[in-house]
Amino acid sequence: MGKGDLKLLGTGVSPFVIRTRISLHLKSVEYEFIEEKLAAKSELLLKANPIHKKVPVLIHHDKPICESLIIVQYIDEVWSHGPSILPSDPYDRAVERFWAAYLDEKWFPSWKGVGLVHGEEAQKKIAGLKEGLVLLEEAFPKCSKGKPFFGGDQIGFLDISFGCFLGWARVGEIIHKVSLLDTTNTPHLAGWADRFYAHPAVKGVLPEPQALYDFLKPFIKPAPTN
Amino acid sequence: MAEEEVKLHGAWGSPFSKRVEFALKLKGIHYHYIEEEVLTKNKSPELLKYNPVHKKIPVLLHKGRPIAESQVILEYIDETWKGYPILPQEPYERATARFWARFIDEKCWPSVWSSFSEGKKEEAIENLKLLEKELEGKKFFGGEKIGFVDIVANFIAYWVPLIEEATGKQLLGEEFPALCRWKDEYVSSAVIKEHLPSRDKLVAHFRARFPSN
C-alpha cells in the first residue's frame, strides 16, 4: 500500500496527533503527514471532520476517521500483523480504555492551558494535573505487572494515550516552577517516562518540553505584578 | 459448571445503567443486580471501592473484577461474550460506531439536558439534526438490528420523550422523522421493551427535576 492511501491531518504539538503518529510508527505504517494551521483550517480538514473540525483526522482509502482514541483502535485493528496496541485480554483492554477515557474526559481538561494562566487559576490547574499523576502512579504497577510499560513489555494503548501528554505536563511544571512527575513524587511514572521517551516509535514524534515551551512562549502573558 | 458471577451496580432510572442491562440481556447473560441509591447519594461502600475514581454507576463486576464507564463496559461485554454482536466487525464501521457513541455522550447528552434545564435548545437541535442525518434510511443506527450506537442513544429513545411529557417542552419534533420512527421501533423491540424503567416513576421524577412552562 502506497503512502497516498494513508494521510494524517495534524499538528506537531497536539498530544492527540502525537498519539496517532506513535501508533502508526509502532506498526511501521507509511503515511503522508499534512500539517494543519489551526488558525486557518484546510478545506480537506473541514470536509473530513465537519462535525468537530479538529485534528487528528486519519484518511484511509479516502475515508476519514476522527477522534484520536478511535483512530488508535482503528490502526490496531487494521494493521493487526504489527505489535498489538491494545492488550489481548478483555479485562485488561477495559482497564486501559477506562484510563484513556479518564485522561481525555477528566484529566486533560482539568489542566489544559496551565501554561497560560497565573495565580489561583494556575493553582487549580496544577492540582488537576497532580491528581491524575497520583492516580496513574498507583495504576502503573497493576497494569504493568512488573514490566516496563503499562502495556507490559511493549508500549500499548494506555502508554500512548498518556505518554502523549508528557511534554505539555512538563511545560506546565517549568512555567510554574513545580515538580510533579519525578522520582520523589511519582517514582513509577518517572522511570516509565524515561523509557517512553526513548522508545523508537516515540522518538522524533514526542517533542521535547523545550520545543513545546518555545512554541507556547509567544502566547504566554506575563504574570500580573502585585 | 457454576456460572461465572456477573454483578451490576446500577440505578433504576439511569440510562447509563440501562445501557449495560440492555447489552447483558441482548447477549442472554444472567447477572445479579444491585440497586444503588444515587439520588440520595447514599452510595454503597462496594461502589466506592469498585469505582473510586468516579464513584458512579454503572459498575460491572465479572469474576470479582470491576469495570466502570458504560461505553467501556459495553465493549467488554461484546468482547467477552459471543452471540449477539453489539459492535460491527469491520474496522471502519467500528470506528464510525465509536465516533457516534462518543458524539452522543460528549455533545448530545449535555446539550439535551441543558435544553430542558436551561431552555437553551439550539445546540441540542443541531446535535439531533446530525444524528437524524446519520440514521436516515436505516432501521437502527446499527442497521437491521440494535447495535452499539442504539444502546448508547437509549436516553433519546425513552428518557427524552418522558422529559417532554413531564415538562411540556418538545424537543423531538416533526423535523426529526427518522429519530421519531427509530425511538418507537427501539422501545417496542423484543428485549428492550421488557427492561425499560417505569414510565410513571420517571415522569414523576422529571416533573420534580425540571422547571415546566
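Quick caveat: nothing in here was measured; it's all calculated off a predicted structure.

How each quantity is defined
Residues numbered from 1 in each chain as written. Chains lettered and ligands numbered in written order. Predicted model: local features only at pLDDT ≥ 70, side-chain atom pairs only at ≥ 80, totals over all residues. Heavy atoms only, no water. Pairing = 2+ DSSP bridges. Helix = DSSP H or I, 4+ residues; strand = E, 2+ residues; numbered from the N terminus. Axes fitted to C-alpha atoms, helices over the stretch in contact; angles between N-to-C directions. Contact = heavy atoms within 4.5 Å. Buried area = accessible area lost by both parts, 1.4 Å probe. Salt bridge = Lys/Arg side-chain N within 4 Å of Asp/Glu carboxyl O. Polar contact = N/O pair within 3.5 Å; in protein donor to acceptor, adjacent residues only side chain to side chain. Nonpolar A, V, L, I, M, F, W, Y, C, P; charged D, E, K, R; others polar. Core = buried A, V, L, I, M, F, W, Y, C linked by side-chain atoms within 4.5 Å. Buried < 20%, exposed > 50% of the residue type's maximum accessible area, 1.4 Å probe, protein only. Domains from an automatic or database assignment.

(A) Geometry of the sheet that holds strand 3 (residues 59-62) of chain B. Residue and element names in this part refer to chain B. Read across the open sheet, the four strands follow the order 2-1-3-4; overall the sheet is mixed. Where the open sheet ends on each side, the last strands, each with one partner, are strand 2 (32-35) and strand 4 (65-68). In this sheet, adjacent strand axes meet at a mean angle of 20° when their direction is disregarded. Across four bridges, strand 3 lies against strand 4 in antiparallel orientation. Bridge pairing links Leu60 to Ile67 in strand 4. Helix 1 (residues 15-27) rests against strand 1 (6-10), strand 2 and strand 3 of the sheet, and its axis sits at about 155° to strand 1.

(B) Looking closely at the interface of chain A and chain B. Contact residues are listed per partner, giving 24 residues for chain A and 25 residues for chain B. Of the roughly 2400 Å² buried at the junction of chain A and chain B (both faces included), carbon and sulfur atoms supply 66%. Three residues stand out in chain A for area buried against chain B, namely Ile51, Tyr91 and Phe98 of chain A, and they jointly supply 27% of the buried area on that side. For the pair chain A and chain B, the interface holds seven salt bridges. One salt bridge connects Glu79 of chain B with Arg97 of chain A, and the closest N-O pair in it is separated by 3.1 Å. Where chain A packs against chain B, one counts eight residue pairs in polar contact (both at pLDDT 80 or more). Only strand 4 (63-66), helix 3 (68-78) and helix 4 (90-111) of chain A provide two or more residues apiece to the side of chain A that touches chain B. Tallying contributions element by element places helix 4 of chain A first for the side of chain A that touches chain B, with 10 residues. Partitioned by chemical class, the residues of the side of chain A that touches chain B number 14 nonpolar, two polar and eight charged.

(C) Quick peek at the nonpolar core. Grouped together as the largest cluster of nonpolar side chains are 147 residues, with contacts concentrated most on Phe162 and Trp192 of chain A together with Leu60, Ile77, Leu131 and Trp182 of chain B. A total of 11 residues in this core trace back to one element, the largest contributor, which is helix 4 (residues 91-117) of chain B. Both domain 1 (3-80) and domain 2 (91-209) of chain B contribute no fewer than three residues apiece to this core. Beyond its immediate sequence surroundings of up to four residues, Ile77 of chain B is in contact with Val20, Ala23, Leu24, Lys27, Ile29, Leu60 and Ile86 of chain B.

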